[in-house]
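Working through the structure, step by step
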Amino acid sequence: MSKVNIAIYQFATSSIHFAASLEILYKENLSGNNTSFCLWGQKTFFPTRMATSGESIFGIPPRRFKKLIRKASPNVNLESNFTFDRDWVESVLGIFKNQLKTIEKISDLGSLKYDNINPGAALANEITSISKSSELNLHTHRKLVIIILRSYLEIFSAASKHIESKNIKRVHVYNGRFLHERAIWDAAKILKCEVIIFETTRNRYQQRIEGFHDRENNQNVMKKIWEESH
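Below you will find a few notes about this structure.

**Observations concerning the overall build of the chain**
Secondary structure assignment for the chain yields 8 helices and 6 strands. When the helices and strands of the chain are listed from N to C terminus, the series reads β-α-β-α-α-β-α-α-α-β-α-β-β-α. When the 230 residues of the chain are sorted by exposure, 48% land in the buried category. As displayed, the chain has an accessible area near 12,600 Å², and 50% of this comes from carbon and sulfur atoms.

Following this line, the structure appears as structure tokens:
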């Protein structure tokens, strides 16, 4: 089997999330693949709560993180910074700002769309998580919505550039429904790059191409487990 370039994009840095990504990195290295580990959570425009646990006092990944990553894959391409197309972000952000003028409810964010980019679900999840409410008036909190949307678009652009420039063939990312994780998944899908989502449960992790929030797929998985248990 020929070597491929793979990338792990890490935003959630609690111990369980980080440990799971290290195991995935280790397995990819054992397979002889060229690995990239992107610790981007601390550099996003809007760092989520799941990213702050892995942040040092200087806003950079702790040295122990780097040591563990290189132990899992000695020749890993470790990146804690990213670049994005600023002009593209500003242009698309302007388009979405116009669409947001007619959207008041979080439940209507799904209508946001431009050129196969659908950030609505990720925005809704993040806004609901922050506000603890699904009834927030988006016009009243427009500034927050724009900040979150900008962060999504910057990571979308950065992931697109990284996947293309590094010729990445397979992407690993946690969960897939959170703000920046969704941006990675969306960018990779558009570029027809294989995406594998991982989820953690206690001291274990699972991986699926379809993710973990598709009800029909979850039912099929449970049926398969039940059939194989007999």
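Moving on, there is more to tell.
**Observations concerning the sheet that holds strand E2 (residues 34-39)**
Judged by pairing direction, the sheet is mixed, and its 6 strands sit side by side in the order E3-E2-E1-E4-E5-E6 without closing on themselves. One side of each edge strand has no neighbouring strand; the edge strands of this open sheet are strand E3 (77-79) and strand E6 (204-208). Adjacent strand axes in the sheet meet at a mean angle of 20°, parallel and antiparallel pairs treated alike. Bridging between E2 and E3 involves 3 bridges; their strand directions are parallel. In the sheet register, Ser 36 faces E3, and the bridge partner there is Asn 77. In the packing of helix H7 (residues 179-190) onto the sheet, the strands contacted are strand E1 (5-10), strand E4 (170-174) and strand E5 (194-201), and the crossing angle to E4 comes to about 160°.

**Structural notes on the pattern of salt bridges**
By the definition in use, this model includes 5 salt bridges. Linking Lys 189 and Asp 186 is a salt bridge whose minimum nitrogen-to-oxygen distance equals 4.0 Å. Linking Lys 189 with Asp 186, this pair stays in helix H7, spanning 3 residues, or about one helical turn. For Lys 189, a relative accessible area of 41% corresponds to the partly exposed category. Beyond isolated ion pairs, a larger network of salt bridges with shared partners links Glu 28, Arg 170 and Glu 194.

**Overview of a positive patch on the surface**
A contiguous patch of positive charge on the surface is contributed by Arg 63, Lys 66, Lys 67 and Arg 70. Looking at the element boundaries, Arg 63 is found in helix H3 (residues 63-72).

**Structural notes on the side chain of His 180**
Mapped onto the elements of the fold, His 180 is located in helix H7. His 180 sits in the buried class, given a relative accessible area of 1%. Leaving out residues up to four positions away in the same chain, His 180 has contacts with Phe 11, Thr 44, Phe 46, Thr 48, Ser 151 and Ile 155.

**Describing the nonpolar core**
Counting residues in hydrophobic clusters, the biggest one holds 47 residues, and the most contacted among them are Tyr 9, Trp 40, Leu 109, Val 171 and Ile 184. Breaking this core down by element, the ones donating at least two residues are E1, helix H4 (86-100), helix H5 (120-131), helix H6 (142-165), E4, H7 and E5. Among the elements that take part in this core, H6 stands out by supplying 11 residues, more than any other. Aside from chain neighbours lying at most four places away, what touches Tyr 9 is Cys 38, Trp 40, Ala 159, His 162, Ile 163, Ile 168, Val 171, His 172, Val 173 and Ile 184. The next biggest cluster of nonpolar side chains, apart from the first, holds 18 residues, and it includes Ala 12, Ile 69, Val 76 and Tyr 174.

**Examining the environment of Ile 127**
Relative to the helices and strands, Ile 127 is located in helix H5. Through-space distance from the C-alpha of Ile 127 to that of Leu 138 is 9.5 Å; in sequence the pair is 11 residues apart.

**Side note on the pairing of E4**
For E4, the tally of buried residues reaches 5 of 5 residues, placing the bulk of the element in the interior. Residues Arg 170, His 172 and Tyr 174 of E4 are buried on one face, and the alternating residues Val 171 and Val 173, pointing to the opposite face, are buried as well. Looking at chain direction, E1 and E4 are connected through 4 bridges and run parallel. Across the sheet, residue Ala 7 finds its bridge partner in E4, namely Val 171. Where E4 and E5 come together, 5 bridges link them in parallel fashion. Note that in E5 the partner of Val 173 across the bridge is Ile 197.

**Brief notes about H4**
Between the first and last C-alpha of H4 there are 21 Å, a value that for 15 residues agrees with the 21 Å anticipated at 1.5 Å per step. Every buried residue of H4 is accounted for by Val 89, Val 92, Leu 93, Phe 96 and Leu 100. Taken end-on, H4 shows its buried residues confined to a sector of 110°, consistent with a single buried face. Where H4 is buried, its residues touch H6. One side-chain oxygen of the residue at the start of H4 lies 3.2 Å from the amide nitrogen of Asp 87, identifying that residue as Asp 85.

Rules used in this analysis
- Residues numbered from 1 in each chain as written.
- Predicted model: local features only at pLDDT ≥ 70, side-chain atom pairs only at ≥ 80, totals over all residues.
- Heavy atoms only, no water.
- Helix = DSSP H or I, 4+ residues; strand = E, 2+ residues; numbered from the N terminus.
- Buried < 20%, exposed > 50% of the residue type's maximum accessible area, 1.4 Å probe, protein only.
- Areas by Shrake-Rupley, 256 points an atom, 1.4 Å probe, with all protein chains shown as cover.
- Pairing = 2+ DSSP bridges.
- Axes fitted to C-alpha atoms, helices over the stretch in contact; angles between N-to-C directions.
- Contact = heavy atoms within 4.5 Å.
- Salt bridge = Lys/Arg side-chain N within 4 Å of Asp/Glu carboxyl O.
- Patch = residues over 30% accessible without salt bridge, like charges linked within 9 Å, V, L, I, M, F, W, Y side chains within 5 Å.
- Lys, Arg positive; Asp, Glu negative; His and termini not counted.
- Charge placed at Lys NZ, Arg CZ, Asp CG, Glu CD.
- Core = buried A, V, L, I, M, F, W, Y, C linked by side-chain atoms within 4.5 Å.
- Expected span 1.5 Å × (residues − 1).
- Arc of directions from axis to C-beta.
- Polar contact = N/O pair within 3.5 Å; in protein donor to acceptor, adjacent residues only side chain to side chain.

The analysis is restricted to geometry; functional conclusions fall outside its scope.
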